[in-house]
Amino acid sequence: MPRGSLLSLPGQVLAFFFNLFEPLFALGQKWLGSSRIGWLFVGPNLLLIAVFTFAPIAINLVYAFTGGMNLLPSQRPFTGLENFHILLECRDYADLQTCRTDVFWRAIVNTAQFSVLQVVLMLFFSLVTALVLNRKIIGRGFWRGVFFYPVLLSPVVVALIWKWLLQSQGVFNAGLVAAGAQPMDWLLDGHWAFFWVLVVSIWAHMGFYTLILLAGLQAIPKDVYEAAEMDAASPLRVLTRITLPLLMPNLVVVLVLVMIRAVQIFDEVFVLTGGGPGSATTFIVQYIYQTGFAEQIHLYGLAAAASLLLAAGLMALTLLQLRLSRAKDAGAPRK
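My aim in this report is to walk through the structure given alongside it, one point at a time. (Residues numbered from 1 in each chain as written. Predicted model: local features only at pLDDT ≥ 70, side-chain atom pairs only at ≥ 80, totals over all residues. Heavy atoms only, no water.)

Some words on unusual backbone geometry
- Residue Pro277 follows Gly276 across a cis peptide bond; omega there is -5 degrees.
- Relative to the helices and strands, Pro277 is located in the loop between helix 12 (267–272) and helix 13 (284–294).
- Positive phi outside glycine occurs at Ala232, with the angle close to 60 degrees.
- Residue Ala232 is classed as exposed on the basis of its relative accessible area of 66%. (Helix = DSSP H or I, 4+ residues; strand = E, 2+ residues; numbered from the N terminus. Buried < 20%, exposed > 50% of the residue type's maximum accessible area, 1.4 Å probe, protein only.)

This is the structure in structure tokens:
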């Protein structure tokens, strides 16, 4: 029986398709040799990465050290560190109004506050949820899907759903009016807007970090808990002496991932509040977007310089993650 007859119809179609390229691969192997034929396969991907990743980074570096409002790099005069000086100049760093670009510093303060709250609350709720979902409860698979479902939604869809709930004529205010209370300006008050941005972000992404912690909990050997049960250890002692120490590598990963994502928050805020009211929910990425693209005068240099400062912060967080991970794997204490 011919070999081709053993293949199913889809297999025969794929074999025919790849046989069409066999002369090209043979020619490439003849020219490049067996040791360099791999470049023929990865070359298109490397070209795409160079065009859409490395080229924009290089252009951003050019913008950061040049001035003016022209878009073409060749028409922008070199200004050195002037853009960074404009961003970082303050007479009194305790008073943001004395800063030359006070909106930039307000964005940094908002981002720092949001990041701290996001990390603490996300770790707490993700850990509690993972601990509950790791127990033998009724409908455990269903509840795992419920908590993970928001992760599958687009951030824009999430923000639109919550905006529909929180707007002046939204569902929440309709419930308050039906209960005889006064409607609230959920998104028009600075404190409430910041609060709801934090809530929406936690709701949208908690399922992903819960999944990481849940995987860590399931990797803990059962005999450890059996030994603790034989010793009549209390649940609190089991949590603090067994579960949390063995879960620490996963907690470190979640900690750094949450922090990086908190610093980069943009999508939900852009749709939900647009950075307002005022600058109450203006974060660093929102500032970069507004400065470079949204405002009437496009200050590409300031936006590029701010993005480099953001990249430096993210690189520091990444190095922190690597240091913590290596120290934990090696059993070395943190310095």
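Remarks on the environment of Leu131
- Position of Leu131 relative to the elements: it lies in helix 5 (residues 102–133).
- In the structure, Leu131 is positioned 95 residues away from Glu226 in sequence and 17 Å away in space, judged by C-alpha atoms.
- Once you skip the residues sitting within four places of it in the chain, Leu131 turns out to touch Leu217, Leu239 and Thr243. (Contact = heavy atoms within 4.5 Å.)

Some thoughts on the nonpolar core
- Counting 37 residues, the largest nonpolar core has Phe114, Trp162, Val197, Leu213, Leu272 and Phe283 as its most contacted members.
- Listed by contribution, the elements that provide at least two residues to this core are helix 5, helix 7 (155–166), helix 9 (190–218), helix 11 (235–263) and helix 12.
- Ignoring sequence-local partners within four residues, the contact set of Phe283 consists of Ala107, Asn110, Thr111, Phe114, Phe194, Val197, Ile265 and Val269.
- Ranked by size, the runner-up nonpolar core spans 28 residues in total, among them Cys90, Cys99, Tyr300 and Leu317. (Core = buried A, V, L, I, M, F, W, Y, C linked by side-chain atoms within 4.5 Å.)

Observations concerning the environment of Met122
- Looking at the secondary structure, you find Met122 in helix 5.
- Spatially, the C-alpha atoms of Met122 and Val253 are 13 Å apart, while their sequence positions differ by 131 residues.
- When sequence neighbours within four positions are dropped, the list of residues in contact with Met122 reads Leu117, Ser201, Ile202, His205, Met206, Tyr209 and Val258.

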